[in-house]
Amino acid sequence: MEIKVYQNKVKVAEEFSKYLIEKSGTQKAFHIALSGGSTPKIVFDVLAEEFANDVDWNNIHLYWGDERCVAPDDAESNYKMTVDHLISKVDIPEQNIHRIKGENNPKDEAQRYGELLDKELPKELGLPQFDLVILGMGDDGHTASIFPHEINLWVSPDNCEVAIHPESGQRRVSLTGRIINNAKTVAFLVTGESKAEKVKIIIDREEGYLEYPASHVAPKTKDLVWFLDAAAAKLLTSSQS
Ligand SMILES: O=C(O)[C@H](O)[C@@H](O)[C@H](O)[C@H](O)COP(=O)(O)O
């Protein structure tokens, strides 16, 4: 596990963009699972506005780690956020974009998307393998849309599951642990003081850390990188950051 700490959100976005360019430049067909949330939004803006010409968008295939069960033009949609902040600004082929269709019946869509991953992604150990999974982390330690109250979904035998937001009751389709941990690389993008407590508990594996889905992110390749700003990393000891 690698922990990278930068002064602020924009610096996290800039450094992650450079990291993504370096990672994706080495091969044809780079499959990424994207995250929703405020930190990825800034990353997408920086990537599109400062680094768009450094990426061969023909090689980039966009998937989502989770999606709210809403229409693609709904303000809540992670796909819409990505269109507004990235896809609308770069020259990525339409056929390289594989959104989770939140407007579909959630159960049917979880099944459909899980089958799509089986069909479209290279296999590793018999399971679909992403080149990179980007994750955020909620203040409650959730990641993708696996929340603490439904942590059993992490170990689902399926590629995708239907999850329910603990406060709003909003239904979501989410990748499960078997897919996230089968990725070549997983990158957490976590910023803001509200995350500092969970970042410390999870990275230091403090008592009760396994209650938080983000603590179960452990790619078999061991290639797990945390991109943090100083605020989110403030409780980590200096040796870790
Ligand atoms: O659909 C979502 O909301 C995200 O996938 C979710 O897992 C997000 O990454 C966390 O809630 C962190 O969000 P922030 O970066 O906005 O704190």
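The notes below deal with the structure included here.

Rules used in this analysis
- Residues numbered from 1 in each chain as written.
- Predicted model: local features only at pLDDT ≥ 70, side-chain atom pairs only at ≥ 80, totals over all residues.
- Helix = DSSP H or I, 4+ residues; strand = E, 2+ residues; numbered from the N terminus.
- Rg over C-alpha atoms; globule rule 2.2 N^0.38 Å.
- Buried ≥ 20, exposed ≤ 12 C-beta atoms within 10 Å, placed from the backbone.
- Contact = placed C-beta atoms within 7 Å.
- Expected span 1.5 Å × (residues − 1).
- Near = placed C-beta within 6 Å.
- Nonpolar A, V, L, I, M, F, W, Y, C, P; charged D, E, K, R; others polar.
- Pairing = 2+ DSSP bridges.
- Axes fitted to C-alpha atoms, helices over the stretch in contact; angles between N-to-C directions.
- Parallel < 35°, antiparallel > 145°, perpendicular 65-115°, else oblique.
- Left-handed = near helix turned anticlockwise from the far one by under 90°.
- Arc of directions from axis to C-beta.

1. Digging into the overall build of the chain
- Along its length, the chain carries six helices and 11 strands.
- Relative to a compact globule of 241 residues, whose C-alpha radius of gyration would be 18 Å, the chain shows 17 Å and is just as compact.
- C-alpha atoms of the chain, sized along the principal axes, occupy 45 × 40 × 35 Å.
- In the chain, buried positions account for 44% of the 241 residues.
- For the chain, long-range pairs separated by at least 24 residues make up 76% of all intrachain contacts whose partners lie at least 6 apart in sequence.

2. What about helix 2 (residues 38–50)?
- Across its 13 residues, helix 2 extends 18 Å between first and last C-alpha, which sits within 8% of the 18 Å expected from 1.5 Å per residue.
- For helix 2, every residue scored as buried is listed here: Thr39, Pro40, Lys41, Ile42, Val43, Phe44, Val46 and Leu47.
- The inward-facing, buried residues of helix 2 contact helix 1 (9–24), strand 2 (30–34), helix 3 (78–85), strand 7 (132–135) and strand 10 (185–190).

3. Quick word on the site of the ligand
- What surrounds the ligand is a group of 14 residues, the closest being Gly36, Gly37, Ser38, Gly136 and Gly138.
- Taken together, the residues of the shell around the ligand sort by class into two nonpolar, 11 polar and one charged.

4. Observations concerning the pairing of strand 7
- Burial of the side chains of strand 7 extends over both faces: Leu132 and Ile134 are buried on one face and Val133 and Leu135 on the other.
- Here strand 7 pairs with strand 10 via four bridges, running parallel. Each residue of the ladder has a partner; that of Ile134, found in strand 10, is Ala187.

5. Observations regarding the packing of helix 2 against helix 3
- Running from amino to carboxyl end, helix 2 crosses helix 3 at an angle of 30 degrees, the nearest separation of the two axes being 8 Å. Judged by the inter-axis angle, helix 2 sits roughly parallel to helix 3. Relative to helix 3, the crossing made by helix 2 is right-handed. Mapping the contact onto sequence places Lys41, Phe44, Asp45 and Ala48 in helix 2 and Met81, Thr82 and His85 in helix 3.
- Grouping the constituent residues of the contact of helix 2 with helix 3 by class yields three nonpolar, two polar and two charged.

6. A short note on the sheet that holds strand 7
- Ordered by their spatial adjacency, six strands build an open sheet running 1-11-10-7-2-3, and the pairing between neighbours is parallel. The sheet is open, and its two borders are formed by strand 1 (2–6) and strand 3 (60–64), each paired with just one other strand. If you compare each strand with its neighbour and ignore which way they point, the axes differ by 20 degrees on average.
- As paired strands, strand 1 and strand 11 (residues 224–229) are joined by five bridges and run parallel to one another. Looking at the pairing, Ile3 lines up with Trp226 of strand 11.

7. Some remarks on helix 1
- In this model, helix 1 (16 residues) spans 22 Å end to end at C-alpha, consistent with the 22 Å of a helix rising 1.5 Å per residue.
- Regarding helix 1, the residues found buried are Lys9, Val12, Ala13, Phe16, Ser17, Leu20 and Ser24. Buried residues of helix 1 fall within an arc of 135 degrees about the axis and therefore sit on the same side.

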